[in-house]
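# Architecture and fold: a report
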Amino acid sequence: MLKVLRPTPSHFGIFVTDLEKMVAFYTETFDLTITDRGAGSTFKNELVFTSASEDQHHQLVLASGRPADATFSTVMQISFVVPSIQHLREVTQRARERGATEVRGLNHGNALSMYMRDPEGNTVEVYVDMPFYVAQPHGDPLDLDKDDETLMRETEAICRADPTFMPLDQWQARFQAKAPAAAASAARA
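Keep in mind the model is a prediction, meaning the values are calculated, not measured. (Residues numbered from 1 in each chain as written. Predicted model: local features only at pLDDT ≥ 70, side-chain atom pairs only at ≥ 80, totals over all residues. Heavy atoms only, no water.)

### A closer look at the pairing of strand S7 (residues 111-117)
This is how it is decided: Only protein chains enter the accessibility calculation, which uses a 1.4 Å probe. A residue is then buried if its area is under 20% of the maximum for its type, exposed if over 50%, and partly exposed in between. Put simply, DSSP marks the helices as runs of H or I at least four residues long and the strands as runs of E at least two long, and each gets a number from the N terminus on. Strands were regarded as paired on the criterion that DSSP finds at least two bridges between them.
Taken across its seven residues, S7 has six buried, putting it largely inside the fold. Where strand S6 (residues 101-107) and S7 come together, five bridges link them in antiparallel fashion. Across the sheet, residue Asn 107 finds its bridge partner in S7, namely Leu 112. Once S6 ends, the chain turns through three residues before running back antiparallel as S7, passing Gly 109 with a positive phi of about 85°. Between S7 and the antiparallel strand that follows it, strand S8 (residues 123-129), lie five residues; Gly 121 among them carries a positive phi value of about 90°.

This is the structure in structure tokens:
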């Protein structure tokens, strides 16, 4: 079971047109495991549950039923965190090989992100966290052809030049100070 202290976003689902194509894209690009699949008794669409963690039965659910003629996705973005800059490069390459389009990078200061469209036009973000905070939204160009050391050095310089800069641990302490009283009480228990 996940340990949560207050309502916490945990998973999301999207309607898709070509279920098998989208299952392949997400499982092969992001190494997600299919945990269950089937049609519900009240929700008649075919559902495929996927996860990257044994602690969560599902983190992404793909549901049949998106009309083939849908021209606009209401999904603002689906985001995946990766453990390193090299993973960011590798996942981005796999996504391109599996049909991702409009691939572009942004350095947010607090994260290095690659954005793309999945095969049905939904925006997907793949990112790696940085040990810095700057106010968002913030976006500078990102060139993943640079080596990790250069990217870290440039990101730190970009962040330190921003008047909102602080080390991540300082931002986290401020976040905890703002947390609702119920969550703070539960944390002490």
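Moving on from the coordinates now.
### Here we look at the pairing of strand S2 (residues 33-39)
Sheet topology places S2 next to strand S3 (residues 46-51); six bridges connect them, and they run antiparallel. The residue of S3 that forms the bridge with Arg 37 is Val 48. Hairpin connection of S2 to S3: six residues between the antiparallel strands.

### Points about helix H1 (residues 19-30)
Defined as follows: Given a helix with a known number of residues, its expected span is that number minus one, times 1.5 Å.
Between the first and last C-alpha of H1 there are 16 Å, a value that for 12 residues agrees with the 16 Å anticipated at 1.5 Å per step. All of the buried residues along H1 are Leu 19, Met 22, Val 23, Phe 25, Tyr 26, Thr 27, Thr 29 and Phe 30. Asp 31 lies just past H1 and shows a positive phi near 55°.

### Some details on the nonpolar core
Quick reminder of the rule: We define the nonpolar core as a collection of buried residues of types Ala, Val, Leu, Ile, Met, Phe, Trp, Tyr and Cys that are connected through side-chain atoms lying within 4.5 Å of one another. Note on definitions: a residue-residue contact is assigned when non-hydrogen atoms from the two residues lie within 4.5 Å.
The biggest cluster of nonpolar side chains holds 34 residues, and the ones touching the most others in it are Tyr 26, Phe 30, Leu 62, Phe 80, Leu 88, Leu 112 and Val 126. In contact with Phe 80, other than residues within four places in its own chain, are Tyr 26, Phe 30, Leu 32, Leu 60, Val 124, Glu 125, Val 126 and Tyr 127.

### Remarks on the sheet that holds S3
Either a parallel or an antiparallel arrangement is found when strands of a sheet pair, and the pairing is made through backbone hydrogen bonds. We apply this condition: Axis definition: a line fitted to C-alpha atoms, over the contacting stretch in the case of helices. Angles run 0 to 180 degrees between N-to-C directions.
Pairing is mixed in the open sheet, where four strands are placed in the order S1-S4-S3-S2. Edge positions in the sheet fall to strand S1 (12-16) and S2, since each of these pairs with one other strand and no more. Here the average twist between neighbouring strands, direction ignored, is 20°. Contacts between H1 and the sheet are confined to S1, S2, S3 and strand S4 (60-64), with S4 contributing the most and set at about 165° to the helix.

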